[in-house]
Amino acid sequence: MRFTGCALVAALAAASTATFAQPSSVSVKDSARDTLTAKKSNPSAAALDFSGTIFANYQYRGEAGPGHAQNKFDVERVYLTFRLPAGERTSVRVTTDVFQQTTSPNDTYYRGWVIRAKFAYLQYNYLDGPNWKANVRVGLLHTVFIDHDEQFWPRWVAPTPTERAGYFASSDGGIATTISLPAKWGELYATTTNGPGYTSREVDRFKDYASRLTLTPFSNAKSKYLRAVAVTGWYYKGALASKFVTAAAGEVGGIGSALDRDRWGVHLGANDPRYTFGVEYAGREDEGETGLNTILSPRAVIDSGGHLIAAYALAHPFAVAAARSLQPLSFFGRFDRVTTNTTNGWKYNVVIAGMMWDLSKRASMSLDYQEQTSVKGRPASPTRTYFAHFVARF
């Protein structure tokens, strides 16, 4: 749908008539752990909790060639989040994604800004005891790992390694459950989703199944540094329909079986006011098809695999000595080695480095450099971009 400034103003004006609750976190995205420790919904007080995030940047292209010196100011997207109780232990969340349409041919028919749902789900807390807590969600919800990785890496600077490499979308339609382990030992998150992601409708009859186990073994340790450490393992079993589901004229018959689309990974990270780091490995296996599914050109299934290794760190040098809650200056760096095809050895590197300044507890900016360079194979053309990123949470 076409999105105009008037529509946005009207939506915000309507929302302002409700009683707003201040968000409990500066992040527009809920982690599963945050939602499990939230208070019970009060059926007699249907207060709307409204929050949002604006992502913007200025970028300058520094590589040689036709793209050199191109620059622009860009509002990447705006998230508007609405949360509302729906009875005892039940709540609803809707997060709209406001963005500029740039994909051809959609940018021809829907020029300017458009709006779509990023998250839209009903949540029921079916366990709410002193030791065990658990919920179930139905709708557009978080996929298995990207939201967890965003608790360590600032998404407003760049997408997380698995999302940037195209392993899967950050949101999808389906059903999910989160089980919080007792004694702050971690959590289990499991999903059944459509597969294409929130930007696409369901395209076939197959579903994707995924689960993530996060352990915080030192959560009760005396050391402040150890308490922030989390170890995660995740697995994603995906499936795609054949392009020959319906046999066309001349083909030998329809193919009803699925093609594998599997991903998995491990992650070690810590999120502390003084430092943040993450180290991860992820792999993928994809099946594809060759041939025309005819007698002269029979269909054949081929395998394609890849993996990535990524490491990042954020340092807050003045948080160790100072006692103030706001420590504005921090430095960050990240390196990704992405192998797109293990058979051919195609791989590329991603380097991100910069400094961050917190303007307030809810607004930050960064000056950073990001490059992608080929080691072997595609993508062959390097990109080098200088950024000034801005984020505001309200």
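For every chain, the first residue of the written sequence is number 1, and numbering continues from 1 onward in sequence order. With the structure being a predicted model, the display of local features is reserved for residues of pLDDT at least 70 and the display and counting of side-chain atom pairs for 80 or more, all residues being used for whole-chain, interface and lining totals. Where side-chain values are given, they derive from all heavy atoms of the structure, hydrogens and water being excluded.

Asks: Let's hear about the overall build of the protein: which residues, and what values?
Replies: Per the convention used, a helix needs a DSSP run of H or I reaching at least four residues, while a strand needs a run of E reaching at least two, with both numbered from the N terminus. On a plain count of helices and strands, the protein comes out with 6 helices and 17 strands. Counting the 394 residues in the protein, one finds 41% classified as buried. For the protein, the computed accessible surface area is about 19700 Å², with 61% contributed by carbon and sulfur atoms. Exposure categories follow from relative accessible area, calculated using a 1.4 Å probe and restricted to protein chains: below 20% of the type maximum is buried, above 50% is exposed, and the middle band is partly exposed. Here the Shrake-Rupley method, with its probe set to 1.4 Å, supplies the accessible areas, and only the displayed protein chains count as covering residues.

Asks: Account for the pattern of salt bridges, naming residues and giving values.
Replies: Salt bridges are counted wherever a side-chain nitrogen of Lys or Arg sits within 4 Å of a carboxyl oxygen of Asp or Glu. Enumeration according to the criterion identifies 17 salt bridges in this entry. We note a salt bridge from E187 to R212, for which the minimum N-O separation is 3.1 Å. Taken together, the positions of E187 in strand β8 (residues 186–193) and R212 in strand β9 (residues 208–215) put the pair 25 residues apart, joining distant regions of the chain. Residues E187 and R212 agree in their burial class; the two are buried. Of the charged contacts, one joins E371 and R384 as a salt bridge, the two residues approaching to 3.5 Å between their closest N and O atoms. Placement of the pair is E371 in strand β16 (residues 363–376) and R384 in strand β17 (residues 383–393), with a sequence separation of 13 residues. With a relative accessible area of 17%, E371 lands in the buried category.

Asks: Before we move on, could you go through unusual backbone geometry and cite the residues and values that matter?
Replies: Unusually for a residue other than glycine, A69 sits at a positive phi of about 70 degrees. Of note, A69 is situated in the loop between β2 (49–61) and β3 (71–85). Not every positive phi belongs to a glycine, and A183 is a case in point at roughly 60 degrees. As for its placement among the helices and strands, A183 is situated in the loop between β7 (171–181) and β8. For A183, a relative accessible area of 48% translates into the label partly exposed.

Asks: Can you break down the side chain of T81 residue by residue, with the values?
Replies: Secondary-structure assignment places T81 in strand β3. In protein, a polar contact means a hydrogen-donor-capable atom and an acceptor-capable atom, both N or O and within 3.5 Å, with residues adjacent in sequence counting only if both atoms are side-chain atoms; elsewhere, any N or O pair within 3.5 Å suffices. Looking at T81, its side chain comes within polar contact range of the side chain of T95, at 2.9 Å.

Asks: Report on the side chain of H316, specifying residues and quantitative values.
Replies: Residue position: H316 is located in the loop between β13 (300–315) and β14 (329–341). Any two residues whose heavy atoms approach within 4.5 Å are treated as being in contact. Setting aside residues up to four positions removed in sequence, H316 forms contacts with D272, P273, R274, Y275, T276, L329 and S330.

Asks: Talk me through the environment of L240; I want residue IDs and the actual numbers.
Replies: Relative to the helices and strands, L240 is located in strand β10 (residues 229–241). Distance from L240 to S257, taken between C-alpha atoms, is 8.8 Å for residues 17 residues apart in sequence. Filtering out sequence-adjacent residues up to four positions away, L240 remains in contact with D204, F206, A258, L259 and R261.

Asks: Describe the pairing of β8, listing the residues and the values that go with them.
Replies: Strand pairing is assigned whenever DSSP identifies at least 2 bridges connecting the two strands. Sheet analysis places β7 next to β8, joined by 8 bridges and oriented antiparallel. Among the inter-strand pairings, T177 is bridged to a residue of β8, identified as A190. Between the antiparallel neighbours β7 and β8 lie 4 residues, among them A183 with a positive phi of about 60 degrees. Two elements, β8 and β9, share 8 bridges in a ladder whose sense is antiparallel. Paired with T191 across the strands is A210, a residue of β9.

Asks: Outline the pairing of strand β12 (residues 275–290), supporting the account with residue identities and numerical values.
Replies: Bridging between strand β11 (residues 258–271) and β12 involves 11 bridges; their strand directions are antiparallel. Paired with R263 across the bridge in β12 is R284. Bridge count between β12 and β13: 16 bridges; the pairing is antiparallel. When the sheet's bridge partners are listed, Y281 is paired in β13 with I309.

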